[in-house]
Amino acid sequence: MGKIVDKQELISQLQNMGKNLEVEIQKAEQEEELEKIRIQFLGKKGELTAILKHLGKLPPDDRAEIGGLANTLKEETEARVDSRKKEIADRFFATIADSEWLDVTAPLRTPSPILRKGRLHPITQIQQEIEAIFRGMGFQVLDGPEVETEYYNFTALNTPDDHPARDMQDTFWTEDGNLLRTHTSAIQIRGMEKNKPPFKVIGPGRVFRYETVDASHENTFYQVEGMMVDKDISVANLIYIMKTFLREIFARDVKVRLRPGYFPFVEPGFELDINCLICGGKGCPVCKQSGWVELLPCGLVHPNVLRYGGIDTSIYSGFAFGLGLNRLVMMRYGINDIRWFQNGDLRFIHQF
Ligand code: FA5
């Protein structure tokens, strides 16, 4: 016969767990610690599940009572974790606000911080460098609108409206049926409309995705698109241009790896990863402990896309790539959180 389970014993176990949880949550100083606590207590293999294993041995009335208590504990814990997270974030921003308080009625100090020379945002700086590197290789720099049509952002990129790949990029739609471009690939189509092959273009710009923000994901970030169309373009041309570019931008040889990657507008498609320059490949939050950072998806342009651009695919082929600028800057300067780029903290900008 199994162990006899006492209802009171389970209640007191739940109460103890509740007390421990309260203490642990209050002690936590970082979001990651809170996540660990949540998993330790409420996860599938957590303490609550261990306690509830005994539920089946109780009479039905007691089961309902203990089940109810467990649910309340779970809900209370989720709420406590959320409110602690908010406290941690508020404290962080309050520290910044305190240290940046400025009396606008005070007379100017000399030298005045207001008269300090302005700096270009690190994203702008790297964009200018990238443009110079590619111009040096004969590429033309193109622009495109941030509010795009479905046609340029998806349809002409071999992604019709019933294509599952549309879900790969969560989209902000405007009320009139347009969208905030989810990638600079829209510029590929504009590039083909403006040029007759052979041609080489890059298109830098801001892009938008309806995403949850974390250390390595923003809802507003920057990319540079690249495209080369000529006779007999192959993966070898793509790899050569990418390696040359990375060596120039990092001023050293960077370890890269190429994995197969799926994008409807290239065939074959690749993900080019670079060795994480923040942790040297050992593993950190930016590379999600993998040692590699996904930097440069690329591939040979799908013939359907070339056809949308009015290009004769019996003569010409091409390659394309889409580089994430925020992550590139993070790698270069060892920035461990993507949220710095947009939080408006001048101390951040003044470092570059
Ligand atoms: C694309 O956007 C494709 N258009 C790229 C492409 C172009 C593929 C041409 C093939 C040919 P992806 O969604 O993986 O792919 O984004 C490209 C890069 O943008 C990523 O490698 C990453 O560096 C960056 N990126 C993507 N999502 C985010 C995000 N939420 N926050 C910051 N950077 C991001």
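Keep in mind that this is a model prediction, so the values were computed, not measured.

Turning our eyes to something else, we now look at the overall build of the chain. When helices and strands are tallied, the chain shows 11 helices and nine strands. In terms of overall size, the chain is more extended than a compact globule, its C-alpha atoms giving a radius of gyration of 27 Å where 352 residues would be expected to give roughly 20 Å. Oriented by its inertia axes, the alpha-carbon framework of the chain measures out at about 80 × 65 × 45 Å. In the chain, which comprises 352 residues, the proportion classed as buried is 43%. Residue pairs at least 24 apart in sequence account for 69% of intrachain contacts in the chain once pairs closer than 6 positions are excluded. Accessible surface computed for the chain: about 19600 Å², of which carbon and sulfur atoms make up 53%. In the chain, the 44 positive side-chain charges and the 50 negative ones have mean positions that sit 6 Å from each other.

Checked against the element boundaries, K196 lands in the loop between α7 (186–194) and β4 (199–208). Given a relative accessible area of 72%, K196 falls into the exposed group. Between the alpha carbons of K196 and G309 there is a distance of 9.8 Å; along the sequence they are 113 residues apart.

Once that is clear, we can look at the domain arrangement of the chain. You can read the domains of the chain as domain 1 (7–99) and domain 2 (122–349). Taking only C-alpha atoms into account, the centre of domain 1 sits 42 Å from that of domain 2.

Okay, helix α8 (residues 235–250) next. In a regular helix each residue adds 1.5 Å, so 16 residues correspond to 22 Å; α8 covers 22 Å between its end C-alpha atoms and thus fits that length. Taken as a whole, α8 has its buried residues at L238, I241, M242, T244, F245, L246, I249 and F250. In this fold, the buried residues of α8 make contact with α5 (122–136), β6 (256–260), β7 (266–275), β8 (292–301), β9 (317–324) and α10 (325–333). A251 sits one or two positions beyond α8 and adopts a positive phi of about 55°.

Across a sheet, paired strands are connected by hydrogen bonds in the backbone, their directions being either parallel or antiparallel. Read from one edge of the open sheet, seven strands run β1-β4-β5-β9-β8-β7-β6, paired in mixed fashion. For this open sheet the edge positions go to β1 (140–141) and β6, each flanked by a neighbour on one side alone. Across eight bridges, β7 lies against β8 in antiparallel orientation. Across the sheet, the residue bridging to V266 is V301, located in β8. Contacts between α5 and the sheet are confined to β1, β4, β5 (220–230) and β9, with β4 contributing the most and set at about 170° to the helix.

In this chain, P197 is followed by P198 through a cis amide linkage whose omega measures 0°. By the secondary structure assignment, P198 is in the loop between α7 and β4. The step from E267 to P268 runs through a cis peptide bond, and the omega angle for that step is 0°. Non-glycine residue Q289 carries a positive phi angle of around 65°.

As a further point, take the state of the cysteines. Should the sulfur atoms of two cysteines be covalently bonded, the bond is a disulfide. Using the criterion set out here, one finds zero disulfides in the structure. A disulfide-free cysteine, C298 has its sulfur positioned 19 Å from the sulfur of C276, the nearest such atom. Residue C298 is classed as buried on the basis of its relative accessible area, which comes to 3%.

A word on the nonpolar core. One finds I130, F134, F245, L246, I249, L323 and L328 to be the most contacted residues of the largest nonpolar core, which totals 46 residues. At the level of secondary structure, the elements contributing two or more residues to this core comprise α5, β5, α8, β7, β8, β9, α10 and α11 (346–349). By residue number, the principal contributor to this core is α8, which donates seven residues. Contacts of I249, omitting those with residues within four sequence positions, involve I126, E129, I130, I133, L328 and R332. Among the nonpolar cores identified, the runner-up in size contains 21 residues, and L142, I187, F199 and Y316 belong to it.

In the vicinity of the ligand there are 25 residues, among which H183, S185, R209, E218 and Q223 approach most closely. Between the ligand and S185, the relevant distance is 2.8 Å, taken from a nitrogen atom to a side-chain nitrogen or oxygen of the residue. At a separation of 2.8 Å, an oxygen atom of the ligand approaches a polar side-chain atom of R209. Contact with the protein chains removes 95% of the 680 Å² of surface that the ligand exposes when unbound.

Rules behind the numbers
- Residues numbered from 1 in each chain as written.
- Predicted model: local features only at pLDDT ≥ 70, side-chain atom pairs only at ≥ 80, totals over all residues.
- Heavy atoms only, no water.
- Helix = DSSP H or I, 4+ residues; strand = E, 2+ residues; numbered from the N terminus.
- Rg over C-alpha atoms; globule rule 2.2 N^0.38 Å.
- Buried < 20%, exposed > 50% of the residue type's maximum accessible area, 1.4 Å probe, protein only.
- Contact = heavy atoms within 4.5 Å.
- Areas by Shrake-Rupley, 256 points an atom, 1.4 Å probe, with all protein chains shown as cover.
- Lys, Arg positive; Asp, Glu negative; His and termini not counted.
- Charge placed at Lys NZ, Arg CZ, Asp CG, Glu CD.
- Domains from an automatic or database assignment.
- Expected span 1.5 Å × (residues − 1).
- Pairing = 2+ DSSP bridges.
- Axes fitted to C-alpha atoms, helices over the stretch in contact; angles between N-to-C directions.
- Disulfide = S-S within 2.5 Å.
- Core = buried A, V, L, I, M, F, W, Y, C linked by side-chain atoms within 4.5 Å.
- Near = heavy atom within 4 Å.
- Polar contact = N/O pair within 3.5 Å; in protein donor to acceptor, adjacent residues only side chain to side chain.

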